[in-house]
Every structure is written in structure tokens, then in C-alpha cells.
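# Structural description and commentary
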Amino acid sequence: MSAPEDHDLADVQFFEIPPMHQLTAEQNSGAACVWCADHLAPGTGVDLQSSIGWAPYSCLACYPIRTAVVSTYRDLYRHWTSCPPCEDAALIGEPLCAEAQTQQTALLRARTAAHKGQPICVSCHEPITQHELEAGAFAPLIWMGYSSPHRGFLHTGACMWHGS
Ligand SMILES: [Zn+2]
Ligand SMILES: [Zn+2]
Ligand SMILES: [Zn+2]
């Protein structure tokens, strides 16, 4: 796989924040939560530690939900990139190993809590359906965008043969 090396949570957390141009001026200045747009009194939100000149903040409710989306992805990704049996199984469309299945379940629970929709397969560009998600017929794939890596998914089976 041509995926970039491991990312720590701080790096990957960043990818969950919507891009600056999708946020309001209040959200970009840290006066409102980047996810739910609730107003934040000064000093009450969570500093998402962005770059100079941009101050995204989260409310206390959204932060653990969004952090779980990233941390469960990270756990599955770390496992996936170090478990050859998982890759062998995925190439022929078989379920991943038991440990990975537990991580997939945690990831789906976190995505549901964050109201994430069906991810688009990086390989075939079709949605990964709820049925496919629940069957564990997906794998993580971090791909490089124009300037930063993105957390992605692809179907197991044929989509893996040319997905990386
Ligand atoms: Zn919020
Ligand atoms: Zn595995
Ligand atoms: Zn696909």
C-alpha cells in the first residue's frame, strides 16, 4: 500500500475538522463549535490546536464524539496495516480477523454517534452501504489529497485489487 506512515491522534484529529471555507466566520475564529455551530463563550470550548491564524474550537459535547470517530479509525488502520491475515482475507472478500471485526464494530458505532453517512469507496467511488458496513466488508485506506492525508475506506474484494 502506498499509504503514508502512521499518524498520531493529534494529526488525524485534524482531518475531522471541516475545511475553513465550509465554516462560518464565528467557527473559524473559535466563537462557535466547528461541528454543531453552537456558540462558545470564551474559554469554554476545546482548542483544536490548528495552525496559526485559524482557531477552530469544539464544544464539550461534540469533542468526545468526534475524537471517537478518529481514534476508532486509527485503531483499525493500525491493526490493518500490521495484520497480513486481514489483508489476505480482504483480497478475496472474506471477513477480517476477529480483532479487526471488534474494531470495525467500534468504528461503526462511533460514526453512527457522529451522524456520519455512508463512506464512499476510494476505489470504485460507490457508497459502502449500511449492509456492507455491518458485514465488515470494508477496510481503511489513508490517501493523499492535494496537501494532506485523508481517512478513507474501500470495499473488500475486487475493490482492493486496484485501490491503492
Ligand atoms: Zn458542538
Ligand atoms: Zn487482523
Ligand atoms: Zn468499492
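Structural notes, computed from the coordinates. (Residues numbered from 1 in each chain as written. Chains lettered and ligands numbered in written order. Predicted model: local features only at pLDDT ≥ 70, side-chain atom pairs only at ≥ 80, totals over all residues. Heavy atoms only, no water.)

Around the zinc ion (ligand 2), the protein supplies His 79 (NE2), Cys 83 (SG), Cys 86 (SG) and Cys 97 (SG) as donor atoms, at distances of 2.0 to 2.3 Å. Here the zinc ion (ligand 2) is ringed by 4 donor atoms whose angles at the metal span 96 to 125°, and the overall shape comes out tetrahedral. When the donor residues of the zinc ion (ligand 2) are listed from N- to C-terminus, their spacing reads H-x3-C-x2-C-x10-C. Here the residue Cys 83 occupies a position in the loop between α3 (62–80) and α4 (84–91), and Cys 97 occupies one in the loop between α4 and α5 (98–113), the gap between them amounting to 14 residues. The class for Cys 83 is buried, based on a relative accessible area of 11%. (Donors = N, O, S within 2.8 Å, 3.2 Å for Na, K, Ca; no water. Tetrahedral: all angles 85-135°; square planar, octahedral: opposite > 155°, others 65-115°. Helix = DSSP H or I, 4+ residues; strand = E, 2+ residues; numbered from the N terminus. Buried < 20%, exposed > 50% of the residue type's maximum accessible area, 1.4 Å probe, protein only.)

For the structure on display, the rule yields 3 aromatic pairs. An angle of 10° between the planes, with centres 6.2 Å apart, marks the rings of Tyr 73 and Tyr 77 as stacked. Of this pair, Tyr 73 and Tyr 77 both sit in helix α3, 4 residues apart, roughly one helical turn. Ring plane angle 70° and centroid distance 5.7 Å describe the contact between Phe 138 and Phe 153, whose orientation is recorded as edge-to-face. Linking Phe 138 in strand β3 (residues 138–144) with Phe 153 in strand β4 (residues 149–155), this pair joins segments that are 15 residues apart in sequence. Phe 153 matches Phe 138 in its accessibility class, with the two residues each being buried. Each residue in the set Tyr 73, Tyr 77, Phe 138 and Phe 153 is aromatic and connected to the rest through ring pairs, giving one cluster. Its guanidinium or amino end placed over the ring of Tyr 73, Arg 151 lies 5.8 Å from that ring's centre, counting from NZ or CZ. (Phe/Tyr/Trp six-rings, centres within 6.5 Å; stacked < 30°, edge-to-face > 60°. Lys NZ or Arg CZ within 6 Å of the ring centre and 35° of its normal.)

Here we come to the pattern of salt bridges. Under the definition given, this model contains 4 salt bridges. Ionic pairing is found between Glu 16 and Lys 116, a salt bridge with its closest N-O pair at 3.0 Å. Within this pair, whereas Glu 16 is found in helix α1 (residues 9–16), its partner Lys 116 is found in the loop between α5 and α6 (130–134), the two being separated by 100 residues in sequence. Overall, Lys 116 belongs to the partly exposed group, its relative accessible area being 30%. Between Arg 74 and Asp 75 there is a salt bridge, with its nearest N and O atoms 3.1 Å apart. The buried category is assigned to Arg 74, whose relative accessible area is 19%. One salt-bridge network, held together by shared partners, links Glu 16, Arg 66, Lys 116 and Arg 151. (Salt bridge = Lys/Arg side-chain N within 4 Å of Asp/Glu carboxyl O.)

For the rest of this paragraph, the subject is the pairing of β4. With 6 of its 7 residues buried, β4 lies for the most part within the structure. Direction of pairing for β3 relative to β4: antiparallel, over a ladder of 7 bridges. Among the inter-strand pairings, Pro 140 is bridged to a residue of β4, identified as Phe 153. (Pairing = 2+ DSSP bridges.)

Structural measurements only, silent on function.
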